[in-house]
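Structural overview
Residues per chain, in single letters:
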Amino acid sequence: MTERSTHGASAHTGDPQSQWVAQWERSEMLDMLRTVLDTGHRVHPALARRAGLTQTEVAVLEHVMETPVGPSELAARLGVTTAAMSGIVDRLQARGHVERQPHPTDRRRTAVICTASGREELMGHLMPMFLELARIDADMTPEERAVVLRFLTAADRAIRRLL
């Protein structure tokens, strides 16, 4: 099923981008990818609400879940000041979700690590989604998985070009 988009076709017809948009061939797969990406954008706010955390606090937990990260690096990754990050880490530490420990390779620095409480908070909300995704994966044949993986890898590469 394909459908031709006419968005932008009449305006700026000499513009290469407008010509491209006028010729764009939609497909169910590309529409579904857009839906998945849009849904993914709504996950952080919903997860934060359910956990009683801010979106930035959820992002910090995600960043320190597997590997300790220094507060300045967290601040840089999340685009906040180091002072703001200190307050965020303080709040998460007060809830028992993270700890500050000496950095594993540079004892002059501090690293933020996720505690069992922080991991349980995040994973408790995410586990139903992970279990369903694992079931979907298990129901696919190796050939189907290979095709989906090839598409998702190429889609990721295309999306990363914007970064």
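The structure this text deals with has already been given above.
To keep things clear, this report deals only with the structure shown in the data block. From a predicted model like this one, the values you see are computed outputs, not experimental measurements.

Here we take up the overall build of the protein chain. When helices and strands are counted, the protein chain shows seven helices and four strands. Listing every helix and strand of the protein chain by position from the N terminus yields β-α-β-α-α-α-α-β-β-α-α. Whereas a compact globule of 163 residues would reach a radius of gyration of roughly 15 Å, the protein chain reaches 21 Å, over 25% beyond that. Every one of the 163 residues in the protein chain was classed for burial, and the buried ones make up 23%. Excluding contacts between residues fewer than 6 apart, the proportion of contacts in the protein chain whose partners are at least 24 apart in sequence is 39%. The protein chain carries 20 positive and 21 negative side-chain charges, and their two centres are separated by 5 Å.

As for its position among the elements, Asp38 is in helix α2 (residues 28–51). Each C-alpha atom of the pair Asp38 and Ala51 lies 21 Å from the other, and the pair is 13 residues apart in sequence.

The buried fraction of strand β4 (residues 110–114) is high, at four of five residues. The sheet contact formed by strand β3 (residues 98–102) and β4 spans five bridges and is antiparallel. Within β4, the position partnered with Arg100 by the bridge is Val112.

Before going further, it helps to examine a nonpolar patch on the surface. Together, Met127, Met129, Phe130, Leu131, Leu133 and Ile136 make up a nonpolar patch on the protein surface, roughly 520 Å² of accessible area in all. Along the polypeptide, Phe130 turns up in helix α6 (residues 116–138).

Below, the discussion takes up the pattern of salt bridges. Throughout the structure, instances matching the rule amount to nine salt bridges. Between Arg100 and Asp90 there is a salt bridge, with the nearest N and O atoms lying 2.8 Å from each other. Here Asp90 lies in helix α5 (residues 82–94) and Arg100 lies in strand β3, a separation of 10 residues in the sequence. Note on Arg100: relative accessible area 30%, which makes it partly exposed. Residue classification places Asp90 among the partly exposed residues on the basis of a relative accessible area of 39%. In this structure, Asp156 and Arg160 form a salt bridge, with 2.7 Å as the shortest nitrogen-oxygen distance. Taken together, the positions of Asp156 and Arg160, both in helix α7 (residues 142–160) and four residues apart, correspond to about one turn of that helix. Taking relative accessible area as the criterion, Arg160 reaches 52% and is therefore assigned exposed. Connected via shared salt-bridge partners are Glu132, Arg135 and Asp139.

Basis of the calculations
Residues numbered from 1 in each chain as written. Predicted model: local features only at pLDDT ≥ 70, side-chain atom pairs only at ≥ 80, totals over all residues. Heavy atoms only, no water. Helix = DSSP H or I, 4+ residues; strand = E, 2+ residues; numbered from the N terminus. Rg over C-alpha atoms; globule rule 2.2 N^0.38 Å. Buried < 20%, exposed > 50% of the residue type's maximum accessible area, 1.4 Å probe, protein only. Contact = heavy atoms within 4.5 Å. Lys, Arg positive; Asp, Glu negative; His and termini not counted. Charge placed at Lys NZ, Arg CZ, Asp CG, Glu CD. Pairing = 2+ DSSP bridges. Patch = residues over 30% accessible without salt bridge, like charges linked within 9 Å, V, L, I, M, F, W, Y side chains within 5 Å. Areas by Shrake-Rupley, 256 points an atom, 1.4 Å probe, with all protein chains shown as cover. Salt bridge = Lys/Arg side-chain N within 4 Å of Asp/Glu carboxyl O.

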